[in-house]
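# Structure at a glance
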Amino acid sequence: KRYRGVHLVMESTLTARDRVGVQDFVLLENYTSEAAFIENLRRRFGENLIYTYIGSVLVSVNPNKDLEIYSKAHMERYRGVSFYEISPHIYAVSDNTYRAMRTERRDQCILISGESGAGKTEASKKILQYYATTCPVTDHLSTLRDRLLQSNPVLEAFGNAKTLRNDNSSRFGKYMDVQFDFRGAPIGGHILNYLLEKSRVVHQNHGERNFHIFYQLLEGGEQDLLSKLGLERNAQKYQYLVKGCCPRVSSINDKNDWRTVRKALTVIGFHEDEVEDLLNIIASVLHLGNTQFGEGKNGENQITTETQLKYLSKLLGVDGAALREALTHKKITAKGEEMISPLSFEQAVAARDALAKAVYGRAFTWLVVKINQSLAFKGSSSVIGLLDIYGFEVFQHNSFEQFCINYCNEKLHQLFIELTLKSEQEEYEAEGITWEPVKYFDNKIICDLVEGKHKGLISILDEECLRPGEPSDISFLEKLEDTLGGHAHFVTHKLSNGKTRKAVSREEFKLIHYAGEVNYSVNGFLDKNKDLLYRNLKEVICQSNSQVLSQCFHREEVTDQKRPETAATQFKNSLAKLIEILMSKEPSYVRCIKPNDAKQSGRFDEALVRHQVKYLGLMENLRVRRAGFAYRRHYETFLQRYKSLCPGTWPNWQGRLADGVATLVQHLGYKPEEYKLGKTKIFIRFPKTLFSTEDSLEARRPALVLTLQTSWRGYRERAKYLRIRQAVIQSAWRGMISRQKARRRRHAVDIIRKFIKGFIYRHYERCPENEYFLDHQRFSFLMMLFRNPPKSVLDKSWPIPPPCLTEASEHLCRLCMRNMMRAYCRRIQPEWKKQMEQKVVASQIFKDQKDSYPQSVPKLFVASRLNSEEFNLKVIQTLGNDKVKYGIAVTKYDRRGYKARPRQLLLTSSFAMLVAEAKLKQRIDYATLRSISVSSLSDGFMVLHVPSEDNKQKSDVVLQCDHLIEVVTKLATMADKKIKVNMSPDSITFAVARGKEGVIDFTSGPELKVAKCKKGHLLVTAPKLNP
Ligand SMILES: Nc1ncnc2c1ncn2[C@@H]1O[C@H](COP(=O)(O)OP(=O)(O)OP(=O)(O)O)[C@@H](O)[C@H]1O
Ligand SMILES: [Mg+2]
């Protein structure tokens, strides 16, 4: 009753909620009924509601027409909104995944599965677009975003084709990681590709086409390009394009697509040379298709189409002759010897096709590698992976490809079971709710049947491929029967009994997959698994001078003795890697369903849909989800959504969330069997309980809206007022700042103008025009002196004053010097003062007069050249009170004969004396010392002129010593500077005896020499130290 009452109100209310069927299958009352399930899908599909949830799994039905639900506004609507708030959408899954990645910091993945044509690729593109539009991007990241988006048209051109089921069918599996930085901006990507359907390159079923790129090139390529590639603008001319009798498709515009692809290649960053090489490869595949064989003169098999061969050699960049040979011969190694044997017609055709497939397949892989390089980001990031991989395939004839694809789906289903069922169970446990176990089929047994070591199908296939002898598809089938006979999921014609025998032909084996039974024809299994390319063909291609080809075919390959991995094993290994990647992430699922086989919109083929619902395991999924409780939500979410329904929780609940929810459900009248409260979530058993709550909410919404509107308006008015207030203050402030700036500018202009005028009038008398300039000049001169005065007494630099300051500047300079000197003198120590005084005396006597003077200046004068120990004691005693102030060793020359004798010259305060050992030889009182003569050269000679009154008294003394300048200075100082010092340039005359005179001649020479010369003079040769 309560339910119906609310319902009435609900119908009169406009709501955002889907009103058709249930938007989540878990809310389906009769959840075990497949019919109810399909009916729900059908009803929603009829109203263009193509999306429905099973819990967190999104089921999507291909509308086969454009729906207006992918606009930017739609994206915005789903941004940051809780999963269950608005109708199901691929954007809700995208957003939820993105938020989980950001908030929980766990890598995510979205697994998209479904049959061919169900809309997987479209879904993955919509997700990518959602991220590209809604995630934050900077300019620098926008390049990456463009590359991410543009990788799709390129990969689709080379990897998609028109098939009977889908005009744009992906003929390869794709897993793409999108990396996000800490701000949630996309920063990089990486693509893994799986199992390209290479056989399509050489053969297409009726009504199907080769890969798009061939038609795009022929339709859209410029004429120049086509002629360069040796191609004609007509797909009908190419053997590899005519097999399906379907060159054109109404839904495809090859010409436009060509332009898109060319542009995308540039955006991704392909070099022009690389594109050229790539197109060469594409063209060469077409030429290979047209390469024919025929019988030569001697019955041998040979190439009959020379033009093709010519183009091939040019486009592949290989030697024509070598290619010709390799296409018609094979190299075999028998007993260690290499032999060349001709190929039969059929073998040659097979070799040619193998080459076309290999070249195309590797070019595709190269393309993916290049794209990855352009998307690469190294560094820490969070990841959302998108898996778009072929769903279960069951055709009339199923071959190796279907086998691989279905095996892949088994593995993905296993992952799904493990992750979903396990997580469901774990959630119940974590929430402390009793788990009611769900029976489900574990498909591990089938996975083991395919991939098991030794006894698995793939192992047996590999073994058969490598076995010596003559292995064939049939011998493979027999081996299967031997090894796997009796396995519950494996049946062959021979193994089945009379009743079921008809259902399997003699060349088939049947696998009972989790999703249903599939018959596989063994024809071609061995060849496809070996993926054979004759070695000599490989050798030729490895020698190619095309950049791209040489990156596709490594030279080591031909020398490498190791057997290459078979196709099935390669696939098995890459699948194992993929599962590992997916296991490390938190999965979300998108299950795609196609409503009909005719690509029509609005048609819902129930049988077809039922088949897919079964293959996708949707019922099982729902059963698990509904096993216990139909609905569960975190307390917070639940309370947030429904709190307005209970006065106790509205507008805000203050206590524990669990208590709030308990209060709320009590008020709503939930019965005990209808719900359970876990640790963090409420679990509701029946959908109808939730419905009634939802409907009550709808009923209350108008009142809520009113309240919200009122407070919103209040808020808006206040915000407006604040904005205006701020604007007024801001404009006043800005005005003030501008006025201030203008004032400053005006002032500056005035000053500059005055300055220039003053400069022009600078030589005039002071007048109003130059007043400012002259003042400024004077001021700057004085300031410069003030900031930069001379630093020391020796610094003679002085700035040039302006004319009006010349006199003042001179005064200042003098004052400054005096000041510095006074300061300097005050700082001098007594020792140093004495030294300086002596140096001044020396300078007065010798400066500019004696050659050795400049060298003497830096040498300090010492107190005495003899130590007190060197004085003779007797001599000291005889001196009595007179103290020796200075002593030095000298050489005395006799006045007659010039004999040299060593002596000490001692100075006291009143006399000088010459001493030999203990004997005082001569005493010269300063009072009697008339003058001293020295030469102007660098010798050490001096003559002390002493007048003698009588004969007894000794007179002039000829001495030679080191430190002459020091000695003379000391003498002069002690004798109170009254002594005259004569400086003679060439000779000194001295008294010998009364009336008699001696002469010393001086000349300059290389070194000091003293000798007697003929005239009886003493000749002193002294070096000249200064010029
Ligand atoms: N959401 C959608 N809205 C409109 N059209 C869609 C949508 N999803 C799919 N289609 C249509 O269905 C076609 C096939 O879809 P899609 O290529 O995604 O299938 P698929 O599952 O990737 O198939 P295959 O396994 O062959 O690659 C698309 O080309 C498009 O025309
Ligand atoms: Mg696809």
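Residues numbered from 1 in each chain as written. Chains lettered and ligands numbered in written order. Predicted model: local features only at pLDDT ≥ 70, side-chain atom pairs only at ≥ 80, totals over all residues. Heavy atoms only, no water.

Each donor-metal-donor angle would ideally measure 109.5 degrees in four-coordinate tetrahedral geometry, or 90 or 180 degrees in six-coordinate octahedral geometry. Coordination of the magnesium ion (ligand 2) by the protein is provided by T121 (OG1) and S170 (OG), with metal-donor distances spanning 1.9 to 2.1 Å. Taken together, the residues T121 in helix α5 (residues 120-134) and S170 in strand β5 (residues 169-170) connect sequence positions 49 residues apart. Taking the relative accessible area as the measure of exposure, T121 reaches 14% and is therefore buried. Residue S170 is classed as buried on the basis of its relative accessible area of 17%. (Donors = N, O, S within 2.8 Å, 3.2 Å for Na, K, Ca; no water. Helix = DSSP H or I, 4+ residues; strand = E, 2+ residues; numbered from the N terminus. Buried < 20%, exposed > 50% of the residue type's maximum accessible area, 1.4 Å probe, protein only.)

Right, let's talk about the environment of Q236 for a bit. Relative to the helices and strands, Q236 resides in the loop between α9 (223-229) and α10 (239-242). Given a relative accessible area of 47%, Q236 falls into the partly exposed group. Excluding residues that lie within four positions of it along the chain, Q236 makes contacts with V242 and P247. (Contact = heavy atoms within 4.5 Å.)

This part covers the packing of helix α8 (residues 212-220) against helix α11 (residues 254-268). Direction vectors running N to C along α8 and α11 enclose 100°, while the axes themselves pass 8 Å from each other. One way to sum up the angle between α8 and α11 is to call them roughly perpendicular. Between α8 and α11, the residues in contact are I213, Y215, Q216, L217, E219 and G220 and D254, K255, D257, W258 and V261, respectively. Here the residues of the contact of α8 with α11 are counted per class, giving 5 nonpolar, 2 polar and 4 charged. (Axes fitted to C-alpha atoms, helices over the stretch in contact; angles between N-to-C directions. Parallel < 35°, antiparallel > 145°, perpendicular 65-115°, else oblique. Nonpolar A, V, L, I, M, F, W, Y, C, P; charged D, E, K, R; others polar.)

Here the focus is unusual backbone geometry. Cis geometry marks the peptide bond from W650 to P651, where omega comes out at 0°. As for its position among the elements, P651 is in the loop between α28 (635-642) and α29 (657-668). Of note, the phi angle at L195 is positive, near 45°, even though the residue is not glycine. For L195, a relative accessible area of 28% translates into the label partly exposed. At E917, a residue that is not glycine, the phi angle is positive and equals roughly 50°. Mapping E917 onto the fold places it in the loop between β22 (911-916) and β23 (919-925).

Before going further, it helps to examine the site of ligand 1. Around ligand 1, the surrounding shell holds 18 residues, and the nearest of these are S116, K120, T121, S169 and S170. Separating an oxygen atom of ligand 1 from a side-chain N or O atom of K120 is a distance of 2.6 Å. N168 is positioned with one of its backbone polar atoms (N or O) 3.4 Å from an oxygen atom of ligand 1. A total of 620 Å² of accessible area belongs to ligand 1 in isolation, and the protein chains cover 87% of it. Among the elements of the structure, α5 and β5 are those that each provide at least two residues to the shell around ligand 1. (Near = heavy atom within 4 Å. Polar contact = N/O pair within 3.5 Å; in protein donor to acceptor, adjacent residues only side chain to side chain. Areas by Shrake-Rupley, 256 points an atom, 1.4 Å probe, with all protein chains shown as cover.)

For a regular strand, side chains alternate in direction, first toward one face of the sheet and then toward the other. Within strand β16 (residues 586-593), 6 of the 8 residues are buried, which leaves the element mostly enclosed by the surrounding structure. Alignment of strand β3 (residues 108-114) against β16, held across 7 bridges, turns out to be parallel. Across the sheet, I112 pairs through a bridge with V590, a residue of β16. (Pairing = 2+ DSSP bridges.)

Another point: the pairing of strand β21 (residues 900-907). In terms of strand pairing, strand β20 (residues 886-893) meets β21 through 8 bridges, oriented antiparallel. Bridging from a neighbouring strand, A889 pairs with Q904 of β21. The antiparallel hairpin formed by β20 and β21 contains 6 residues in its connecting segment, where G897 sits at a positive phi of about 80°. Pairing geometry for β21 and β22, over 4 bridges, is antiparallel. Note that in β22 the partner of L906 across the bridge is M913. Here β21 hands over to β22 after 3 residues, the two strands then running antiparallel side by side.

Right, let's get into the pattern of salt bridges. Across all of its chains, the model carries 46 salt bridges by this definition. With a closest N to O distance of 2.9 Å, K510 and E517 form a salt bridge. Shared partners join several salt bridges into a network, and the residues in it are E122, K125, K126 and E156. (Salt bridge = Lys/Arg side-chain N within 4 Å of Asp/Glu carboxyl O.)

Summed over the entire model, instances satisfying the criterion amount to 31 aromatic pairs. The interplanar angle of 80° and the centroid separation of 6.0 Å between the aromatic rings of Y70 and Y91 together place this pair among those described as edge-to-face. On the criterion of sequence distance, the pair formed by Y70 in the loop between β2 (57-61) and α3 (72-78) and Y91 in helix α4 (residues 90-104) is long-range, its members being 21 residues apart. On the basis of relative accessibility, which here comes to 22%, the residue Y70 falls in the partly exposed class. Centroid distance F403 to F525: 5.7 Å. Interplanar angle 55°. Geometry classified as tilted. Placement of F403 in helix α16 (residues 400-430) and of F525 in helix α21 (residues 525-530) is noted, with a sequence separation of 122 residues between them. Residue classification places F525 among the buried positions, given a relative accessible area of 0%. Aromatic ring contacts, followed pair by pair, group F400, F403, F476, F490, F509, Y520 and F525 into a single cluster. The ring of F759 has R762 sitting right over it, with the charged end atom 3.9 Å from the ring centre. Geometry around F861 places K839 over its ring, the cationic atom sitting 4.1 Å from the centre. (Phe/Tyr/Trp six-rings, centres within 6.5 Å; stacked < 30°, edge-to-face > 60°. Lys NZ or Arg CZ within 6 Å of the ring centre and 35° of its normal.)

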